[in-house]
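# Commentary on secondary and tertiary structure
Here's the letter readout for the chains.
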Amino acid sequence: MKVSVLIPSHNRVRLLRETLLSFRKVEVPPGVNVEVVVTANACTDGTLDMLQELEASYPCPLRFFREETPGINVARNRCLREAQGDVFAFVDDDIKFSKRWVKGVVEGFQEEDADMIAGRVKLWWEAVEKPDWLDDRVEKPDWLDDRLAGLLSAYDRGGKMKEVSLPGPITANLAWSRKVYEELGPMKTGIEGNPEGMYRGEEVEYLQRATKRNITVLYVPDALVYHWVEPERVSSRFFAKAGRAYGHSRVQMKDAFGALNAIRSVGGYVYLTGRHGLQQVLAWGRGKTADQYYHSYAKNVGLGGLHGAFLRLRGK
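Below is a summary of the structure that appears in this document. (Residues numbered from 1 in each chain as written. Predicted model: local features only at pLDDT ≥ 70, side-chain atom pairs only at ≥ 80, totals over all residues. Heavy atoms only, no water.)

### Examining the nonpolar core
As a reminder, the rule being used: Residues belong to a common nonpolar core when they are buried Ala, Val, Leu, Ile, Met, Phe, Trp, Tyr or Cys residues joined through side-chain atoms within 4.5 Å. Summary of the burial criterion: residues with accessible area below 20% of their type's maximum are buried, those above 50% are exposed, and those between are partly exposed, where the area comes from a 1.4 Å probe applied to protein chains only. What makes two residues a contact is simply this: any of their non-hydrogen atoms within 4.5 Å.
V5, L20, F23, V36, W101, M116 and W176 are the most contacted members of the largest nonpolar core, which totals 64 residues. Once residues within four sequence positions are removed from consideration, W101 is found in contact with V5, F23, V26, A89, V91, N173, D222, A223, L224 and V225. If you look at the next biggest cluster of nonpolar residues, it comprises 29 residues, including L134, V204, F239 and V251.

In structure tokens, the structure reads:
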């Protein structure tokens, strides 16, 4: 089996370098070949120079490509086109690999015959301290904390393999077979047209497509990575922006947006905005920070969806 590790990146040379260096410590089982494919997406920060520097001494083939057209799914599609493996394993450019990551991915495909592997993602608190209001433990009663951790790119379903539903997993640590790629085709571009300059959920449309094809998804805890937390993300402003971005993206995912779609979407987004806006105020009054941040996110999904619907109805 050959595993292609796919990393789209835009102007994050320091973090990408740490991600690539952490892969040096990953154990590769006998009979498994690995390549790392990086797409430098409209990078202007020396990313390509750094990649050239690492290439000569890297423990496996390190292949990298310049992609001038901006957009995360544009970069992901370039990775997919260039990949030579039997398995396409996406990770973000700001993660650290665990030693058993490759072994976990391979076992999921070879021993469990999965179509898609959702790896475990824990949060990497390097640049900022973990806030008191966030409790990201597994098997806890407060589902709000779990969702907030997910918005910070965590994906942790415990220590046992299990089948999971889509579109829950995220491309911070998600793998699928070449056969699945040939069936689903490339990822949809054009979802990123968000005036906030922040994009969320661009992979969701692809995972929704996989759901319609009855793709089997296996959660594999041994396929573990640690996702870096930006200091700006542990703030109320981040959750509000993330909500608006995801709401906007949900509208852009739709192939058609006629009158019926518009009525349903606008009604749903008005409901989200009103319901969670009220719950945000109540949470603020009770001093419940986690609840307040989550309801702010959900309210702004509604606001972002309304804005996206308005733009689509105007033909933009």
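### Thoughts on the side chain of S4
The criterion, for reference: Strands here are runs of E lasting at least two residues and helices are runs of H or I lasting at least four, both read from the DSSP assignment and numbered beginning at the N terminus. By the criterion applied in these results, polar contacts are pairs of N or O atoms within 3.5 Å in which, for protein atoms, one can donate a hydrogen and the other can accept it, and in which residues neighboring in sequence qualify only through two side-chain atoms.
As for its placement among the helices and strands, S4 is situated in strand 1 (residues 2-9). Accessibility expressed as a relative area gives 0% for S4, which makes it buried. Here G85 takes part through its backbone nitrogen, which lies 2.8 Å from a polar atom of the side chain of S4. Look past the residues within four positions of S4 in its chain and what remains in contact with it is E35, A83, Q84, G85, V87, F88 and A89.

### Here we look at the pattern of salt bridges
The test is simple: Salt bridge criterion: a side-chain nitrogen from Lys or Arg within 4 Å of a carboxyl oxygen from Asp or Glu.
Throughout the structure, instances matching the rule amount to 17 salt bridges. The closest approach of N and O atoms between E205 and R209, which form a salt bridge, is 2.9 Å. Of this pair, E205 and R209 both sit in helix 7 (residues 204-212), four residues apart, roughly one helical turn. Note on R209: relative accessible area 22%, which makes it partly exposed.

### Let's talk about the packing of helix 8 (residues 236-253) against helix 10 (residues 289-313)
The line we're drawing: Axis definition: a line fitted to C-alpha atoms, limited for helices to the stretch in contact. Angles are taken between N-to-C directions and run from 0 to 180 degrees. A crossing counts as left-handed when the near helix is turned anticlockwise from the far one by less than a right angle, and as right-handed when that turn is clockwise. Following the grouping adopted for this structure description, the nonpolar residues are Ala, Val, Leu, Ile, Met, Phe, Trp, Tyr, Cys and Pro, the charged ones are Asp, Glu, Lys and Arg, and the polar ones are all others, Gly among them.
Running from amino to carboxyl end, helix 8 crosses helix 10 at an angle of 35°, the nearest separation of the two axes being 6 Å. Note that helix 8 runs across helix 10; the crossing there is right-handed. Along its contact with helix 8, which presents S236, F239, A240, A242, G243, R244, Y246, G247, H248, R250, V251 and Q252, the element helix 10 presents Y293, S296, Y297, N300, V301, G304, G305, H307, G308, A309, L311 and R312. Looking at the contact of helix 8 with helix 10, its residues break down into ten nonpolar, eleven polar and three charged.

### Looking at the packing of helix 1 (residues 13-23) against helix 2 (residues 47-55)
Our working rule: Working rule for angles: under 35 degrees goes down as roughly parallel, over 145 as roughly antiparallel, 65 to 115 as roughly perpendicular, anything else as oblique.
It is at 10 Å that the axes of helix 1 and helix 2 come closest, and there the two elements cross at 20°. Overall, the two elements helix 1 and helix 2 adopt an arrangement that is roughly parallel. Regarding helix 1 and helix 2, the two cross each other, and that crossing is right-handed. Contact with helix 1, carried on its side by V13, L16, R17, L20 and L21, involves T47, M50, L51, E53 and L54 of helix 2 and no other residues of that element. Split into classes, the residues belonging to the contact of helix 1 with helix 2 amount to seven nonpolar, one polar and two charged.

### Quick look at the layout of surface pockets
Inclusion rule: As defined here, a cavity is a set of points on a 1 Å grid over the protein atoms alone where a 1.4 Å probe fits but cannot get out. A pocket is an open set with protein on both sides within 12 Å along at least five of seven lines, and residues line them when an atom is within 4 Å of a point. Grid points are joined across faces, edges and corners, and a volume is the space filled by probe spheres set on the points.
By volume, the second largest pocket is sized at about 470 Å³. What lines the second largest pocket is a set of 18 residues, among which Q208, R250, M253, K254 and D255 lie closest to the centre. Going through the elements one at a time, helix 7, helix 8 and helix 9 (259-286) are the ones with two or more residues in the lining of the second largest pocket. Per element, the largest residue contribution to the lining of the second largest pocket is six residues, and it comes from helix 9. Its residues assigned to classes, the lining of the second largest pocket shows seven nonpolar, four polar and seven charged.

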